[in-house]
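These are the residues of each chain, in order.
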Amino acid sequence: MIEEPYRWVEAIANRREYIETQLASGNPIAAVGFRDGILFLTVGRTGQKIFEIYNRIAMGAIGHPGDIERLRMAAIEVASTEGFTRSAADVSLRRLAHYSLSPVMKAAFEQIYGPPYLARLLFAEAGEKPEEDLFLRLEYDGAIAADGGTLSQPRQDFAVLSGTRQSTELMESFLKSEHASESNLEDTLTTALDAWSVGHMALGADGVKELPEKAAIVKHRQEQLGMAGVEAAILERESKTAIRYRALLDKEVRSSIRA
């Protein structure tokens with residue numbers, strides 16, 4: 001009997017290590033607020049990573065495609081049901097993450113005889129004003145990392161997702177120094193691509209461990225764009241239609257990138 005709690009803790013630790021290993025190569029995603037909305041962006045060769053959820057809410061994800069799809073459909077179902085039974089205005093990212101997705105992911109992670117979700121999620125909700133935007137990162141164990149706004153942490157108008165903590169922290173450091181919330185879409189695209197480049201350079205055994213020089217970032221960005229496509233979408237703050245989510249074409253992004 002005494003050994004049972006220890007075995008559970010040991011099993012959870014082993015499970016966490018396994019999931020972290022599986023997610024370690026996850027392709028970075030940046031969600032960046034700007035003057036007219038929120039931009040989601042990543043660069044890759046296969047597999048969709050950015051999705052519309054509901055009205056003003058979008059999601060980016062890394063992990064197993066099957067688990068990502070299960071969580072995406074769960075998020076859409078919860079949001080759509082709430083919007084139908086109440087109103088679209090009652091659907092909020094905080095409720096979706098805290099009361100629906102987080103408990104489900106936590107329960108799956110802690111049930112050691114069942115499979116956990118091999119996924120890490122990034123959500124954003126566009127507000128009526130830039131200062132009302134909300135960003136949330138949801139971990140495989142149900143933990144939620146918000147965009148600040150507490151007494152001890154200033155609010156951030158961006159959020160990132162990547163396979164390792166080091167990659168994530170370098171992307172955040174880059175955006176803290178380079179991103180301006182009042183930027184236009186063209187400048188924001190370039191900044192987001194550079195943030196992605198920083199995160200991508202940090203992945204792997206020989207990855208960078210501190211912010212690279214600007215020239216190195218631009219070089220890496222150009223090399224990767226020569227081999228892969230850009231996946232991007234925006235949540236438009238003031239759309240003339242009810243649909244706020246708009247996917248950007250690869251050529252549209254490339255034509256807007258600053259050198």
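Residues numbered from 1 in each chain as written. Predicted model: local features only at pLDDT ≥ 70, side-chain atom pairs only at ≥ 80, totals over all residues. Heavy atoms only, no water.

### Observations concerning the environment of His 179
Looking at the element boundaries, His 179 is found in the loop between α4 (165-178) and α5 (185-202). Once residues lying within four places of it in the same chain are set aside, the contact partners of His 179 are Val 32, Gly 33, Asp 157, Phe 158, Phe 174 and Thr 191. Side-chain polar atoms of His 179 contact the backbone oxygen of Gly 33, separated by 2.7 Å. (Helix = DSSP H or I, 4+ residues; strand = E, 2+ residues; numbered from the N terminus. Contact = heavy atoms within 4.5 Å. Polar contact = N/O pair within 3.5 Å; in protein donor to acceptor, adjacent residues only side chain to side chain.)

### Some details on the environment of Ile 243
Mapped onto the elements, Ile 243 comes out in the loop between β9 (229-236) and β10 (245-248). Sequence spacing of Ile 243 and Glu 52 is 191 residues, and the spatial spacing of their C-alpha atoms is 9.8 Å.

### As for helix α3 (residues 93-110)
One full turn of an α-helix is made of 3.6 residues, so residues set three or four places apart face in the same direction. Given a rise of 1.5 Å per residue, 18 residues ought to cover 26 Å, and the 24 Å separating the end C-alpha atoms of α3 matches this to within 8%. Considering bend angle alone, the principal kink of α3 is centred on Leu 101 and spans about 40°; proline Pro 103 follows within four residues of it. (Expected span 1.5 Å × (residues − 1). Bend = angle between axes of the 7 residues up to and from the residue.)

### Regarding the sheet that holds strand β6 (residues 134-138)
The strand order across the open sheet built from 5 strands is β3-β4-β5-β6-β7, with neighbouring strands paired in antiparallel fashion. The open sheet is flanked by β3 (50-54) and β7 (144-146), the only strands paired with a single partner. Neighbouring strand axes in the sheet, compared pairwise and without regard to direction, differ in orientation by 25° on average. Relative to strand β5 (residues 119-125), strand β4 (residues 57-63) runs antiparallel, the two sharing 7 bridges. Within β5, the position partnered with Ala 61 by the bridge is Leu 121. Strand contacts of helix α2 (residues 65-85): β3, β4 and β5, with the helix running at about 20° to β3, the strand carrying the most contacts. (Pairing = 2+ DSSP bridges. Axes fitted to C-alpha atoms, helices over the stretch in contact; angles between N-to-C directions.)

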